[in-house]
Amino acid sequence: MEAAARVIARRGVRGLRVEELAAEAGVSTALIYYHFKDRAGILRRTLEFINDRAASYTTDRAPDAAPLSPRQELEQALLLELQDDEVVRENSTAWGELRASAIFEPHLREDLARATLIWVQEIAELLGRIAPMATAAGLTLAAERLTGLVEGLSMRWLSGILPLAHARELVLDAVDAELERLDRR
């Protein structure tokens, strides 16, 4: 799965060739087809892998680390998607490639929508711990705006349009704005 994420990040979904994936993974093309059946299966499992890997680097903490406040957890969950780390860059690039290819490959849309919904729900839950009197609809809208912002800023950062530090500042500013908005309602 790491090889698939690397190839998709490097070549895009449209440039994914099973032969290149097999070479990258050090296995035969027959083994790839045995495990994934077809290209759609490769893409689906790669998306799952990318989501699982993102969950690990945005939620894993050292056992002896001090507990975070709900706001710190929220900020961490968003900011760790924007870090200058090879795995994060690869994950974010592959996610962007999969998202963009869903325009042309409708079979990816459902899986992408499900993964996005899970992320929105996680962020809404964190927002709800900070603003417990906010409505579920308000929390969901705020989470959609924040996750959408992080995705957009990630693509700008990865393409060299936006410095990483500035992207992270924009996310923190957006968290402030969303929490203020939730408090007003």
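Quick look at the structure, then. All of these numbers come straight from a predicted model, not from anything done at the bench.

Criteria and thresholds
Residues numbered from 1 in each chain as written. Predicted model: local features only at pLDDT ≥ 70, side-chain atom pairs only at ≥ 80, totals over all residues. Heavy atoms only, no water. Salt bridge = Lys/Arg side-chain N within 4 Å of Asp/Glu carboxyl O. Helix = DSSP H or I, 4+ residues; strand = E, 2+ residues; numbered from the N terminus. Buried < 20%, exposed > 50% of the residue type's maximum accessible area, 1.4 Å probe, protein only. Axes fitted to C-alpha atoms, helices over the stretch in contact; angles between N-to-C directions. Parallel < 35°, antiparallel > 145°, perpendicular 65-115°, else oblique. Left-handed = near helix turned anticlockwise from the far one by under 90°. Contact = heavy atoms within 4.5 Å. Patch = residues over 30% accessible without salt bridge, like charges linked within 9 Å, V, L, I, M, F, W, Y side chains within 5 Å. Areas by Shrake-Rupley, 256 points an atom, 1.4 Å probe, with all protein chains shown as cover. Expected span 1.5 Å × (residues − 1).

**As for the pattern of salt bridges**
Going through the model one piece at a time under the given rule, you end up with 16 salt bridges. The salt bridge involving E20 is made with R10; its shortest N-O contact spans 3.5 Å. Here the residue E20 occupies a position in helix α2 (residues 18-25), and R10 occupies one in helix α1 (residues 2-11), the gap between them amounting to 10 residues. Between E90 and R53 there is a salt bridge whose closest N-O contact spans 2.8 Å. Of this pair, E90 sits in helix α6 (residues 86-101) while R53 sits in helix α4 (residues 39-59), and the two are 37 residues apart along the sequence. Assessed through its relative accessible area of 12%, R53 is described here as buried.

**A short note on the packing of helix α5 (residues 70-79) against helix α7 (residues 109-130)**
Two elements in contact, α5 and α7, have axes whose closest approach is 8 Å; the angle formed by their N-to-C orientations is 155°. What the angle tells us is that α5 and α7 run roughly antiparallel. Crossing of α5 over α7 shows left-handed handedness. Side by side, α5 and α7 meet where P70, R71, E73, L74, A77 and L78 of the first sit next to W119, I123, L126, L127, R129 and I130 of the second.

**Re a nonpolar patch on the surface**
Together, V27, L31 and Y34 give the surface a local cluster of nonpolar side chains, amounting to about 280 Å² of exposed area. Relative to the assigned elements, V27 resides in the loop between α2 and α3 (29-36).

**Topic: helix α8 (residues 136-158)**
Given a rise of 1.5 Å per residue, 23 residues ought to cover 33 Å, and the 33 Å separating the end C-alpha atoms of α8 matches this to within 8%. Inspection of α8 places G138, L139, A142, A143, L146, T147, V150, E151, L153, S154 and W157 among the buried residues, and these make up the whole buried set. Its buried side turned inward, α8 meets α5, α6, α7 and α9 (164-184). One or two residues past the end of α8 sits G160, with phi positive at roughly 85°.

Read these as geometric descriptors, not functional statements.
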